[in-house]
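Structural characterization, general
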Protein chains: 2
Amino acid sequence: TSSARPMKETVALPLVKDIMVKKVATTRAGVSVDDAARTIIKDRFNHLPVVDDEKRLIGIITAWDVSKAVALSKRDSLDMVMTKNVVTVGPDDPVDLAVRLLEKHNISALPVIDHDRKVLGIVTAECLSKLLARGPVQ
Amino acid sequence: TSSARPMKETVALPLVKDIMVKKVATTRAGVSVDDAARTIIKDRFNHLPVVDDEKRLIGIITAWDVSKAVALSKRDSLDMVMTKNVVTVGPDDPVDLAVRLLEKHNISALPVIDHDRKVLGIVTAECLSKLLARGPVQ
Ligand SMILES: C[S@@+](CC[C@H](N)C(=O)[O-])C[C@H]1O[C@@H](n2cnc3c(N)ncnc32)[C@H](O)[C@@H]1O
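About the criteria used
Residues numbered from 1 in each chain as written. Chains lettered and ligands numbered in written order. Predicted model: local features only at pLDDT ≥ 70, side-chain atom pairs only at ≥ 80, totals over all residues. Heavy atoms only, no water. Near = heavy atom within 4 Å. Polar contact = N/O pair within 3.5 Å; in protein donor to acceptor, adjacent residues only side chain to side chain. Helix = DSSP H or I, 4+ residues; strand = E, 2+ residues; numbered from the N terminus. Buried < 20%, exposed > 50% of the residue type's maximum accessible area, 1.4 Å probe, protein only. Contact = heavy atoms within 4.5 Å. Pairing = 2+ DSSP bridges. Salt bridge = Lys/Arg side-chain N within 4 Å of Asp/Glu carboxyl O.

As recorded in an unreviewed UniProt entry, chain A goes by CBS domain-containing protein and comes from Methanocella arvoryzae.

The following block contains the structure:
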């Protein structure tokens, strides 16, 4: 019908640290794709940051990358399928930067890292879309 | 720091049909998980509605479900891994309903169907989070 009746809401965009998911599982580049898939399923999460021995971010593997490994029959090691150029944000970045980065790079999550590239959390399109529902944020 | 400086924006939430992705690939329940993975990768999309011979929605398979199939070594047929109880919306539903359904069910996409269960499009957390960036929508 033509009575579209859009709902008006005021949304105050907070900082990344206010909305990021803090408990985020990570994995290592040496594990198999099947191992990474098991971690993704256990946590009911789509994105798995890949870290080195010092727990610094070196890549990301998503359920989509697991599908890619299956499609290409390359399931031996994450190194072949993970994304190494990871787009990230800092905890004190405004959420609207995260929104713009997701849109610009056509991705669905950004690891949140500190100055030492240690993973503090992750911000996903799902976290962000929830802000639309929540209405005014303090 | 304490100077959080949240950005205030007015977002008018439109209808599902205004923001849904219209070109959506679908698949059949009889194909293998590897075939579904290839379709997911080809279209660079995370969610694949599963339809019957009359093109009516009967399930959904996502990159996450492909990971599940890999984790459980069950890659023979979609029927084992697809989700059959699909949460959907209609084209004339308000976007805030879609947001609430995604949040409530912890999912990242909703097929948009007509009264005959034919798939018209899909609305994803990624579509929705873009609304935050776009600012006021007419
Ligand atoms: C519970 S989510 C967890 C991962 C992540 N939150 C996401 O949405 O991709 C993954 C499961 O949700 C299912 N799913 C996705 N969209 C759905 C929908 N519209 N209705 C019902 N189940 C859905 C998938 O089939 C998959 O088994």
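With that settled, the discussion passes to the site of the ligand. Among the 17 residues in the neighbourhood of the ligand, the closest are listed as N46 of chain A together with D65, T83, V87 and A109 of chain B. The ligand sits at the junction of chains A and B, each of which supplies nearby residues. Side-chain polar atom of N46 of chain A to an oxygen atom of the ligand: 2.6 Å apart, as the coordinates give it. A distance of 2.8 Å separates an oxygen atom of the ligand from a polar atom in the backbone of S108 of chain B.

Tracing the backbone through its elements, the reader meets L128 of chain B in helix α6 (residues 125-134). Under the relative-accessibility criterion, L128 of chain B is labelled buried at 0%. Between the C-alpha atom of L128 of chain B and that of D35 of chain B, which follows or precedes it by 93 residues, the distance is 28 Å. Each residue touching L128 of chain B, except ones within four places of it in the same chain, is listed here: S129 and L132 of chain A together with I19, V95, V99, L102 and V123 of chain B.

Residues and elements named next belong to chain A. Of note, K55 is a non-glycine position whose phi angle comes to about 65°, a positive value. Along the polypeptide, K55 turns up in the loop between β3 (47-51) and β4 (57-62). K55 gets classed as exposed once you look at its relative accessible area, which sits at 55%. Phi is positive for R117, close to 65°, though the residue is something other than glycine.

Moving on: the pairing of strand β2 (residues 47-51) of chain B. All names here are of chain B. Counted residue by residue, β2 has 5 buried out of 5 residues, so it is predominantly covered. On β2, burial covers both faces: H47, P49 and V51 on one face and L48 and V50 on the other are all buried. When β2 meets strand β3 (residues 57-62), the two strands line up antiparallel, connected through 5 bridges. By the bridge assignment for β3, H47 is matched with T62.

The next thing to look at is the pattern of salt bridges. For the structure on display, the rule yields 22 salt bridges over all chains. With a closest N to O distance of 3.2 Å, R100 of chain A and D96 of chain A form a salt bridge. With R100 of chain A and D96 of chain A both in helix α5 (residues 95-105), this residue pair falls 4 residues apart, about one helical turn. A relative accessible area of 48% means that R100 of chain A is categorised as partly exposed. The exposure class of D96 of chain A is buried, given its relative accessible area of 14%. Close ionic contact of D65 of chain B with K68 of chain B constitutes a salt bridge, the shortest N to O distance being 3.9 Å. One end of the pair, D65 of chain B, and the other, K68 of chain B, are both in helix α3 (residues 63-72), 3 residues apart, so they sit about a helical turn from each other. For D65 of chain B, a relative accessible area of 3% gives the class buried.

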